[in-house]
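Structural overview
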Amino acid sequence: MKLALFDLDHTLLPIDSDFEWGQFLVRIGAVDAAEFDRRNREFFAQYQAGTLDPVEYLEFALGTLAGFPRARLEEMQAQYMAEVIAPALRPSARALLQKHLDAGDLVAIVTATNHFVTAPIARALGVEHLIAAMPEVDAEGNLTGKLLGTPTQGAGKIVHTKAWLEKMGKKLEDFESVHFYSDSHNDLPLMSIVSHPVATNPNEKLKTHAAANGWPLIELFND
């Protein structure tokens, strides 16, 4: 059996779903616009530079979500999917996923973005398995604002991917091949241990590293 892993933001989507969720909250007046936008942009710049503290960011993002009852969150989530994500779903990304699904590969999205934001995106892309930062919930199913466990960023993607496979009684070495598609140098830890790393819409740091190591480069969003 073969395994195909995909980053989400700027890999399967031409946008960053986490950043855009924050911009969406500002746009609909759900948060204090000036302060939230400032912090959201500050964290996004840190992520691009590779200096982001993932726990600090996730608890900022999840803390924002904790301010709303679950029913209101689901309303906003549906609106966000319709207005922001649906227009960003591209045939090229769907075709790449479908190629692996049709081949019978085990397919998963592995993202640093939290599960609340990304679960409906994974469903829209037809991907059953999602490895994402998990928000803590209380007994009523409301988000507490805290991160459950550890972040799914950088080397954390290795930890969480191995844990996900272990639940199925598998490990990376059991697969004939393991592809991992990503756009970012932040994913070099996981890319460096799979048999088929693919630099997908890569940023400059990843493009340079991929070229030096003979990794394939693909662009899904040249249209």
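For the structure itself, look to the data block above.
Attention here is on the structure that accompanies the text.

The rules we used
- Residues numbered from 1 in each chain as written.
- Predicted model: local features only at pLDDT ≥ 70, side-chain atom pairs only at ≥ 80, totals over all residues.
- Heavy atoms only, no water.
- Phe/Tyr/Trp six-rings, centres within 6.5 Å; stacked < 30°, edge-to-face > 60°.
- Helix = DSSP H or I, 4+ residues; strand = E, 2+ residues; numbered from the N terminus.
- Buried < 20%, exposed > 50% of the residue type's maximum accessible area, 1.4 Å probe, protein only.
- Pairing = 2+ DSSP bridges.
- Axes fitted to C-alpha atoms, helices over the stretch in contact; angles between N-to-C directions.
- Parallel < 35°, antiparallel > 145°, perpendicular 65-115°, else oblique.
- Left-handed = near helix turned anticlockwise from the far one by under 90°.
- Contact = heavy atoms within 4.5 Å.
- Nonpolar A, V, L, I, M, F, W, Y, C, P; charged D, E, K, R; others polar.
- Core = buried A, V, L, I, M, F, W, Y, C linked by side-chain atoms within 4.5 Å.
- Salt bridge = Lys/Arg side-chain N within 4 Å of Asp/Glu carboxyl O.
- Expected span 1.5 Å × (residues − 1).
- Polar contact = N/O pair within 3.5 Å; in protein donor to acceptor, adjacent residues only side chain to side chain.

A closer look at the packing of aromatic side chains
Enumeration over the complete set of coordinates arrives at 10 aromatic pairs. Relative to Y80, the ring of F24 has its centre 5.6 Å away and its plane inclined at 55°; by these criteria the two rings are tilted. Of this pair, F24 sits in helix α1 (residues 17-27) while Y80 is found in helix α4 (residues 70-85), placing the two residues 56 residues apart along the sequence. Ring-pair connections join several aromatic residues into one group, and the members of that group are W21, F24, Y80 and F116.

Considerations on the pairing of strand β1 (residues 2-6)
Among the five residues of β1, four are classified as buried, and the element is accordingly described as predominantly covered. One ladder, built from five bridges, connects β1 with strand β5 (residues 177-182); its direction is parallel. Counterpart to F6 in the pairing with β5 is Y181. Relative to strand β2 (residues 106-114), β1 is paired through four bridges, and the arrangement is parallel. Counterpart to L3 in the pairing with β2 is L106.

Some points on the packing of α4 against helix α6 (residues 115-124)
Taken N-terminus to C-terminus, the directions of α4 and α6 make an angle of 50°; their axes are 10 Å apart at the nearest point. Considering the angle they form, α4 stands oblique to α6. Viewed along their axes, α4 and α6 form a crossing whose handedness is right-handed. Residue-level inspection shows R70, L73, Q77, Y80, M81 and I85 of α4 in contact with α6, the latter providing F116, V117, P120, I121 and A124. For the contact of α4 with α6, a count of residues per class yields nine nonpolar, one polar and one charged.

Things to note about the side chain of Q23
Summarising the element assignment, Q23 is placed in helix α1. Given a relative accessible area of 13%, Q23 falls into the buried group. Residues within four places of Q23 in sequence aside, it is in contact with D37, N40 and R41.

Remarks on the nonpolar core
Ranked by size, the top nonpolar core spans 50 residues in total, and within it F6, L12, W21, I85, I109, I121 and L125 carry the most contacts. Ignoring any residue separated from it by four or fewer positions in sequence, one finds L12 in contact with F6, D7, A93, L97, I109, L125 and F221. Of all hydrophobic cores here, the second largest spans 21 residues; its members include L106, V178, A199 and W215.

Some words on the pattern of salt bridges
Any two side chains of opposite charge can pair, so long as their charged atoms come close to each other. One pass over the structure, following the stated rule, counts 10 salt bridges. For E59, the salt bridge goes to K146, with nearest N and O atoms at 3.7 Å. Linking E59 in helix α3 (residues 54-65) with K146 in strand β4 (residues 143-148), this pair joins segments that are 87 residues apart in sequence. Under the relative-accessibility criterion, E59 is labelled partly exposed at 28%. For K146, a relative accessible area of 44% translates into the label partly exposed. The residue D187 makes a salt bridge to K157 at a minimum N-O spacing of 3.0 Å. Of this pair, D187 sits in the loop between β5 and α8 (188-191) while K157 sits in helix α7 (residues 156-167), and the two are 30 residues apart along the sequence. Accessibility expressed as a relative area gives 2% for D187, which makes it buried. Taken together, the shared-partner salt bridges in this structure form one network comprising D7, K157 and D187.

Notes on the sheet that holds strand β7 (residues 217-218)
The strand order β4-β3-β2-β1-β5-β6-β7 describes an open sheet built from seven strands, whose pairing is mixed. Strands at the two margins of the open sheet, each flanked by one partner only, are β4 and β7. The strands that α7 touches are β1, β2, β3 (129-137) and β5; relative to β2, the one it contacts most, it runs at about 135°.

Quick look at α3
The end-to-end C-alpha distance of α3, which contains 12 residues, comes to 16 Å, matching closely the 16 Å that a straight helix rising 1.5 Å per residue would cover. Residues Y57, L58, F60, A61, L62, T64 and L65 constitute the buried set of α3. N-capping of α3 is provided by D53, with a side-chain oxygen placed 3.1 Å from the backbone N of V55.

Everything listed is a geometric property; what it means functionally is a separate question.
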